[in-house]
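# Fold and geometry: a report
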Amino acid sequence: MKNGLRAFSLAARPARPVVVPPGDPRDRGGPAQPLLLVESLRKYFPVSGGVFNRRIGDVKAVDGISFAVFKGETLGVVGESGCGKSTLARLVVGLIPSNSGSVVFDGDPVGGSNGLTLRELRRNLQIVFQDSDASLNPRLPVEESIAYGPRVHGVTRAAAKQTAHDLLRRVGLRPDLFASRYPHELSGGQKQRVNIARALALSPRMLILDEAVSALDKSIEAQVLNLLRYLKSHFNLTYIFISHDLNVVHYIADRVMVMYLGQVVEIGPADAIYSEPKHPYTRALLDSRLAVDPIDRIEAAPLTGDPPNPITPPSGCRFRTRCAFAEDVCTAKAPALGGWRDPAAHLAACHMADRQSGHSRAGQTLPATERPLVSIEARLA
Amino acid sequence: MSGATARPLVEVRNLTVKFAGRDETVCAVNGVSFTLMAGEVLCVIGESGSGKSVTMRALMGLLPKRRAIVEGDIRVAEHDIQALDEPRLAQLRGSLMAMIFQEPMTALDPVYTIGAQIAEAVRRHAHASRQAAMARALELLQLVKVPSPERRLKAYPHELSGGMRQRAMIAIALACQPALLLADEPTTALDATVQVQVLILLRKLQKEFGMGLIFVTHDLGVAAQIADRVAVMYAGRIVEEGSARDVLMNPRHPYTIGMLASTLHGRVRGRDIEAIPGSPPDMRALPRGCSFAPRCRFAAAACLETEPRLSQAFPSHSVACSRVGELSTPAALAVS
């Protein structure tokens, strides 16, 4: 972009009024201000084809998503593959440019002439990916991978190395054994611990975990989830936890956002969503969880078919083609989510959740089909 | 098909598989024995590297002859898999036994239509005409509940969704009504709502055809959904085996107990999960004694010395743990 202009505006910017609340010296807006505010974010990937390889459509990967992440919370993002969860993560960190919409980090807009630069944003916001192997440089010992970020941000070599060793200890890897190893000398779980350590190297305030535990074996997954919980309280972090595994999200998230075909269909406190989902898609997702007891087998699938093509999504409500309650109003009009800035609100983008929508079930709660999920301890007792 | 006899459809005894490299030998499977009756569903549960997929490949005779050292007896129906030569094996694959894999996109050929690939499987074994094979392919697509099957017959793999591709894979596997179906994590790559559909379909087809099904998974929920019996593998050995409900609801091996304790079904937030510490052993240098002992909170000195054998500790429930007698009361588990 206009680099000269940006440099100028950076230099000319007046010093920010820094509000230091008790606790975190990096906090600026106080606890009521969301740490991350995403508004009307949109990302279309062009699809070309035909004889002249012209643009014939767009994959509407993220289509008008707004949400807030509040300080100190864990926001779980769930949805099936292709619903735009990972695109959303990449947009928020600025790895890919968005078509429209805004990202605001603790009051500061990202990008633009006087907003945060990506460099400033990434000091505060880091991401951990699913593929622990592909995200580490195979030619660097892990301590150098971890120290890379601080070095780029002007920390001396010795100090960066010291940080790397401290972080390795924090994530449960003994620096004397692991610091000089290369990624191929580590197991999947160890590599993911290194990735987490590296994400923490710039002491960010927020971590986006994009399916960060999905590739791990169950026993290792449990270890890493415990680690994430410990790190969160120790480093005063805020998480966006993206996963397709509803059980993991229920365990770790305070609030949950459910996505379908590039849009948010439901958002709210985790317990409210898991005990009383308002959107039929959320209900179907929850009903698709498999119980550990063979007696509780699912005999009929809660949903039929696959999600529709995101290039030509259905008109009106995007879920209507698979929804058991779809009516004419669902084809005609897209349901709105409503007041997403409220941290306690439980919202669903469904005509049934809106009394004025004209849907015959408007205002009614979804019929319950919840199967009892008894914990293992209770069963062993 | 075959007459109803008490003889199991599959018998595997003392199977060991080693991959010999230049510098080191990986012991992938270390003495696995199990049987499968016709029409039964056995779920093999294990984490990555536990040897479950290698066991399946050994059953199909798919392991590379030059690099894999396979020992032990494998019998499927009346065939000794180890003694068969490649042409004979190729004949059995598809007709007697078939396999579906985790990633349908790599298992399907991208340059042929779905119809052509199903028809190929039909023609390979049934020697049908081209038209008859295509007609059968259409039937099979209807059987696996692919919507608008006439159109999908002419579709290429990339034109189908993940769930539909896996259904097409199942159609190919079922083309010649095999007596034994091996499924290697066939639903792992699918979304939750699609996974349930495929599991219900597989279970229904297995019942209809009376097939024996060996289903490999790492997901306890998937096992509960589909299995009659469950075998838990760890470091190339079966550590616990029994009816699905016994193993999943009343696990006896410390590894299975730990796995179940670390599942997150209905778990309270804000408390640590009881994770199994450490990581699985290096398959190049397995520890002496019980492979799980280094991670086991019940391990005694004896566990590090001798390798426990899988023995029938309870009716229809076998456990490979030398302390299973002492640990069999819930009180003992709680105290330790």
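Predicted model only: the values in this text are computed from it and were never measured.

### Details of the overall build of chain B
Helix and strand content of chain B: 13 helices and twelve strands. The principal-axis extents of the C-alpha atoms in chain B amount to approximately 65 × 50 × 45 Å. Of all 336 residues assigned to chain B, the portion counted as buried reaches 48%. Across chain B, every contact between residues at least 6 apart in sequence was considered, and the portion connecting residues at least 24 apart equals 64%.

### Topic: the overall build of chain A
Counting its secondary structure elements, chain A contains 13 helices and eleven strands. Scaling as 2.2 N^0.38, a compact globule of 381 residues should have a C-alpha radius of gyration of about 21 Å, and chain A matches this with 22 Å. Along the first, second and third principal axes, the C-alpha set of chain A runs to 65 × 60 × 55 Å. Considering chain A as a whole, with its 381 residues, one finds that 46% of them fall into the buried category.

### A few points about helix α7 (residues 188–200) of chain A
All names here are of chain A. Here α7 contains 13 residues, and its C-alpha end-to-end distance of 19 Å stays within 8% of the 18 Å for a straight helix at 1.5 Å per residue. Of all 13 residues in α7, twelve are buried; the element is thus mostly enclosed. Residues of α7 that are buried include every one of Gly-189, Gln-190, Lys-191, Gln-192, Arg-193, Val-194, Asn-195, Ile-196, Ala-197, Arg-198, Ala-199 and Leu-200, and no others. Each element contacted by the buried residues of α7 is listed here: β6 (125–128), α4 (142–152), α5 (157–170), β7 (206–210) and α8 (218–235).

### Considering the environment of Asp219(B)
Looking at the element boundaries, Asp219(B) is found in the loop between β8 (212–217) and α9 (220–226). Considered as a pair, Asp219(B) and Ile45(B) are 174 residues apart in the sequence and their alpha carbons are 7.2 Å apart.

### Focus on the sheet that holds strand β9 (residues 229–234) of chain B
The strands making up a sheet are joined through hydrogen bonds of the backbone, oriented either antiparallel or parallel. All names here are of chain B. The eight strands lie next to each other as β6-β7-β8-β3-β9-β10-β12-β11, forming an open sheet whose pairing is mixed. At either margin of the open sheet sits one strand with a lone partner, and together these are β6 (97–100) and β11 (311–314). Across the sheet, the mean angle from the axis of one strand to that of its neighbour is 25°, orientation sign disregarded. Pairing of β9 with strand β10 (residues 237–243) involves six bridges; the strand directions are antiparallel.

### Remarks on the interface of chain A and chain B
Facing the 40 residues of chain A at the interface are 41 residues of chain B. Looking at the side of chain A that touches chain B, the elements with two or more residues in it are α8, α9 (246–252), α11 (280–287) and α13 (376–380) of chain A. Considering every element that reaches the side of chain A that touches chain B, the biggest residue donor is α8(A), with seven residues. Residues of the side of chain A that touches chain B, tallied by class, amount to 20 nonpolar, twelve polar and eight charged.

### Brief notes about the environment of Val144(B)
Residues and elements named next belong to chain B. Positionally, Val-144 belongs in the loop between α5 (130–143) and α6 (149–153). Along the sequence, Val-144 and Ile-170 sit 26 residues apart, while their C-alpha atoms lie 7.3 Å from each other. If we ignore the near neighbours within four places in the chain, the residues touching Val-144 are Arg-167, Ile-170, Ala-171 and Leu-201.

### Re the pairing of β11(B)
Residue and element names in this part refer to chain B. With three bridges connecting them, β11 and strand β12 (residues 317–319) associate as antiparallel partners. Paired with Ser-311 across the two strands is Val-319, which belongs to β12. In this structure, the hairpin formed by β11 and β12 is closed by a connection of two residues, where Ser-316 is found at a positive phi of approximately 50°.

### Some remarks on the confidence of the model for chain A
When pLDDT is averaged along chain A, the result is 86, and 90% of the positions lie at 70 or above. Taken as a whole, residues 1–21 of chain A scores under 50 in pLDDT and shows 13 contacts with residues more than four places along the chain or in a different chain.

### Some details on the confidence of the model for chain B
Averaged over every residue, the pLDDT of chain B is 88; residues scoring 70 or more account for 94%. Scored as a whole, the predicted complex attains pTM 0.85, and scored at its interfaces, ipTM 0.83.

Cut-off values and rules
Each chain has its residues counted from 1, running along the sequence as written. Here the convention is simple: chains get letters from A, ligands get numbers from 1, in the order in which they are written. Residue-level local features of this predicted model are given only where pLDDT is at least 70; pairs of side-chain atoms are given and counted only at 80 or more, and the full residue set underlies all totals for whole chains, interfaces and linings. In this text, helices come from DSSP runs of H or I with a minimum length of four residues, and strands from runs of E with a minimum of two, each type numbered from the N-terminal end. In this scheme every C-beta is placed from the backbone, and a residue whose C-beta has 20 or more other C-beta atoms within 10 Å is buried, one with 12 or fewer is exposed, and one in between is partly exposed. This entry defines residue contacts through backbone-placed C-beta atoms, with two residues in contact when those atoms are within 7 Å. Note that the radius of gyration is over C-alpha atoms, with the globule rule given as 2.2 Å times the number of residues to the power 0.38. What a helix is expected to span follows from its residue count: subtract one and scale by 1.5 Å. Strand pairing is defined by DSSP finding a minimum of two bridges between the two strands. Axis geometry follows a simple rule: fit a line to the C-alpha atoms, using only the stretch in contact for helices, then measure angles between N-to-C directions, giving values from 0 to 180 degrees. In this classification, the charged set is Asp, Glu, Lys and Arg, the nonpolar set is Ala, Val, Leu, Ile, Met, Phe, Trp, Tyr, Cys and Pro, and all remaining amino acids, among them Gly, are polar. Per-residue confidence from the predictor is reported as pLDDT, a score between 0 and 100.

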